[in-house]
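Structural features, examined
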Amino acid sequence: MSQEKLATIAAQQGICTDGNHGAVVPPLYLSTNYTFEEFGKKREYDYSRSGNPTRATLADTLAQLEGGAGAVVTATGMAAATLCTALLSPQDLLVVPHDCYGGCYRLFTSLAKKGSFQLEVVDQNNEKALDEILARKPKMIWLETPSNPLLRLVDIEAISKKAHAHGTLVVADNTFLSPVLQRPLELGADIVIHSTTKYVNGHSDVVAGAVIAKTPELAEELAWWANCLGITGAPFDAYLTLRGLRTLPLRMKQHQLNAEAAVELLKDHPVVEKVHYPGLENHPQHELAKRQQKGFGAMLSFELKGGVESVKAFLSRLRYFALAESLGGVESLVAHPATMTHASMTEEARREAGISETLIRISVGVEDPEDLVADLSQALAYAAQSTFSAIKGQYSGQQGLNDTEKLRAFG
Ligand SMILES: *Cc1c(COP(=O)(O)O)cnc(C)c1O
């Protein structure tokens, strides 16, 4: 499906469908219940937990954008993950990536501990380990690509092919890219989930989620469980999310342009040790990113030279990057995974996962790229300067070097 088509679906879905008053924008239905037409004759909707017109418009739009047969809009992204686990029985095996979203990791390990299903955690890029586990015919494999915060990728098409040979359902968490930049169902996945809190809503004012299914049968089963568990989303949230979704294709264009501008500054900067971004040729899965994604996204992370002092100095000077968790909003954000998003991991687990204390993650917003680059640039310069004064003693023997050379010598 072309990107233009996606923009049309996002802007047009549900427009001019109001039969009562000819409202251009589909109305928000807050009513919890709906009358029966007459004795024994139910209308399309009866009770809002089971079905709601506003939520249905959002679900239809997401299903079309992802190329699915149907979608369920859930109260949170975690509710979307919970809904998928409802498809599992105690003897079923679920396979999840070692670096999946922390909340999902907690959900899977906690439910497995209670005996809700069997669980295997694996590095899905370790082909041998993955093949061994798939040979055990898992009921479901969970993918998340790119991963947080190091932007590692897995090959959705290749894993789906292998999984299907063993009768395994493939679920892909598409939160980091949105259907504008990656459509896992077209690559073989059976189910896509979103924390719509992030790019889909895109304005950092709604926590919500969605599950999109490839087949009508799966969509129906998921809708049944969502109603049964009571985890469907609120109509008001769906209304706001639909409003945000209208501009998703437009936003993603600017997000990406800005991310490219930020990467351009960071990649050769003397105070930056390493940049993690799938768009860089030295990213280990750059070729896969080019093949699998329609763009490289607007999430990136990088390591600063000069230790935690350098990180503190950098963060203290930023004007347009708010120090906050979450991502995907129009406003730029910066996070320090070791003390924020990944603080609940042990130090050793973080080291194993490659999350150092100098790692910084940014969610690049849609502001003017020159402003963002200038902001990053002055904060990096300040970090470099304060690092110098903190380690002055180490440089006594290197008087002849200019600033850039000193930094290289230090790094
Ligand atoms: C935020 C997030 C979730 C959880 O979603 P909530 O809306 O916070 O419940 C799941 N997966 C990924 C990749 C996320 O970033």
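Residues numbered from 1 in each chain as written. Predicted model: local features only at pLDDT ≥ 70, side-chain atom pairs only at ≥ 80, totals over all residues. Heavy atoms only, no water.

A closer look at the sheet that holds strand E1 (residues 70-74)
As summarised here, the arrangement of the seven strands in space is E1-E7-E6-E5-E4-E2-E3, forming an open sheet in which the pairing is mixed. With partners counted over all chains shown, the strands left at the sheet margins are E1 and strand E3 (118-122), one partner each. Taken pair by pair, the neighbouring strands of this sheet meet at an average axis angle of 20°, ignoring direction. Packed onto the sheet, helix H2 (residues 53-66) meets E1, strand E6 (191-195) and strand E7 (209-213) and runs at close to 130° relative to E1. Running over the sheet, helix H4 (residues 102-113) touches strand E2 (93-97), E3, strand E4 (140-144) and strand E5 (169-173) and is turned about 140° from E3. (Pairing = 2+ DSSP bridges. Helix = DSSP H or I, 4+ residues; strand = E, 2+ residues; numbered from the N terminus. Axes fitted to C-alpha atoms, helices over the stretch in contact; angles between N-to-C directions. Contact = heavy atoms within 4.5 Å.)

Some details on the sheet that holds strand E10 (residues 322-323)
Here we have five strands laid out as an open sheet, ordered E8-E9-E12-E11-E10, and mixed in their pairing. Single-partner strands in this sheet number two, and they are strand E8 (272-276) and E10. Here helix H10 (residues 248-267) sits on the sheet in contact with E8 and strand E9 (299-304), set at roughly 15° to E9. Contacts from helix H12 (residues 307-317) reach E9, E10, strand E11 (333-335) and strand E12 (359-363) within the one sheet, and its direction differs from that of E9 by about 130°.

Brief notes about the domain arrangement of the protein
Domain parsing of the protein yields domain 1 (3-245) and domain 2 (248-410). Computed from C-alpha atoms alone, the centre-to-centre distance between domain 1 and domain 2 is 31 Å. Contacts between the two partners involve 37 residues from domain 1 and, on the opposite side, 37 residues from domain 2. Between domain 1 and domain 2 lies a buried interface of about 2,900 Å² when both sides are counted; carbon and sulfur atoms form 61% of it. Summed over the three residues of domain 1 that lose the most area to domain 2, namely Leu153, Leu181 and Tyr199, the buried surface amounts to 26% of that side. Across the contact surface, domain 1 and domain 2 share one salt bridge. Among the salt bridges present, the one from Arg291 reaches Asp155, with a minimum N-O distance of 3.0 Å. At the surface where domain 1 touches domain 2, the tally comes to 15 residue pairs in polar contact (both at pLDDT 80 or more). (Domains from an automatic or database assignment. Buried area = accessible area lost by both parts, 1.4 Å probe. Salt bridge = Lys/Arg side-chain N within 4 Å of Asp/Glu carboxyl O. Polar contact = N/O pair within 3.5 Å; in protein donor to acceptor, adjacent residues only side chain to side chain.)

Description of the side chain of Gln292
When you line up the elements, Gln292 lands in helix H11 (residues 286-292). One polar contact links the side chain of Gln292 to the main-chain carbonyl oxygen of Val154, over a distance of 2.8 Å. Setting aside its immediate chain neighbours within four residues, Gln292 contacts Thr145, Val154, Asp155, Ile156, Glu157, Gln182 and Leu187.

Here we look at the nonpolar core
With 71 residues, the main nonpolar core has Ile141, Leu300, Phe302, Leu304, Phe314 and Ile362 as its most contacted residues. Per-element tally for this core: the top contributor is H10, with seven residues. Taken together, domain 1 (3-245) and domain 2 (248-410) each give at least three residues to this core, which thus spans both. Discounting residues that sit within four places of it in the chain, Phe314 has contacts with Phe302, Leu304, Ile360, Leu376, Ala379, Leu380 and Ala383. (Core = buried A, V, L, I, M, F, W, Y, C linked by side-chain atoms within 4.5 Å. Buried < 20%, exposed > 50% of the residue type's maximum accessible area, 1.4 Å probe, protein only.)

Structural notes on the site of the ligand
For the ligand, the full set of nearby residues is Thr76, Gly77, Met78, Tyr101, Glu144, Asp173, Thr175, Ser195, Thr197, Lys198, Val207 and Ala208. Separating a nitrogen atom of the ligand from a side-chain N or O atom of Asp173 is a distance of 2.7 Å. Look at the ligand: alone it shows 380 Å² of surface, and the protein chains cover 92% of it. Residue composition of the shell around the ligand, by class: four nonpolar, five polar and three charged. (Near = heavy atom within 4 Å. Areas by Shrake-Rupley, 256 points an atom, 1.4 Å probe, with all protein chains shown as cover. Nonpolar A, V, L, I, M, F, W, Y, C, P; charged D, E, K, R; others polar.)

Some details on the side chain of Asp92
Of note, Asp92 is situated in the loop between helix H3 (77-85) and E2. Buried Asp92, no salt bridge; nearest opposite-charge side chain is Lys139, N-O distance 4.0 Å. A polar contact is formed between the side chain of Asp92 and the backbone nitrogen of Ser89, at a distance of 2.8 Å. Leave out the neighbours within four places in its chain, and Asp92 touches Leu87, Phe117, Gln118 and Lys139. (Lys, Arg positive; Asp, Glu negative; His and termini not counted.)

Quick notes on the packing of aromatic side chains
Following the criterion strictly, the structure yields five aromatic pairs and no others. On the numbers, 4.9 Å between centres and 70° between planes, the contact of Phe108 with Trp142 is edge-to-face. Of the two residues, Phe108 is situated in helix H4 and Trp142 in strand E4; the sequence distance between them amounts to 34 residues. The exposure classification of Phe108 matches that of Trp142, with both residues buried. Taking 5.8 Å as the distance between ring centres and 90° as the angle between the ring planes, the aromatic pair formed by Phe302 and Phe314 counts as edge-to-face. On the criterion of sequence distance, the pair formed by Phe302 in strand E9 and Phe314 in helix H12 is long-range, its members being twelve residues apart. No difference in accessibility class separates Phe302 from Phe314, as the two residues are buried. Between the NZ or CZ atom of Arg317 and the centre of the ring of Tyr382, over which it lies, the distance is 3.8 Å. (Phe/Tyr/Trp six-rings, centres within 6.5 Å; stacked < 30°, edge-to-face > 60°. Lys NZ or Arg CZ within 6 Å of the ring centre and 35° of its normal.)

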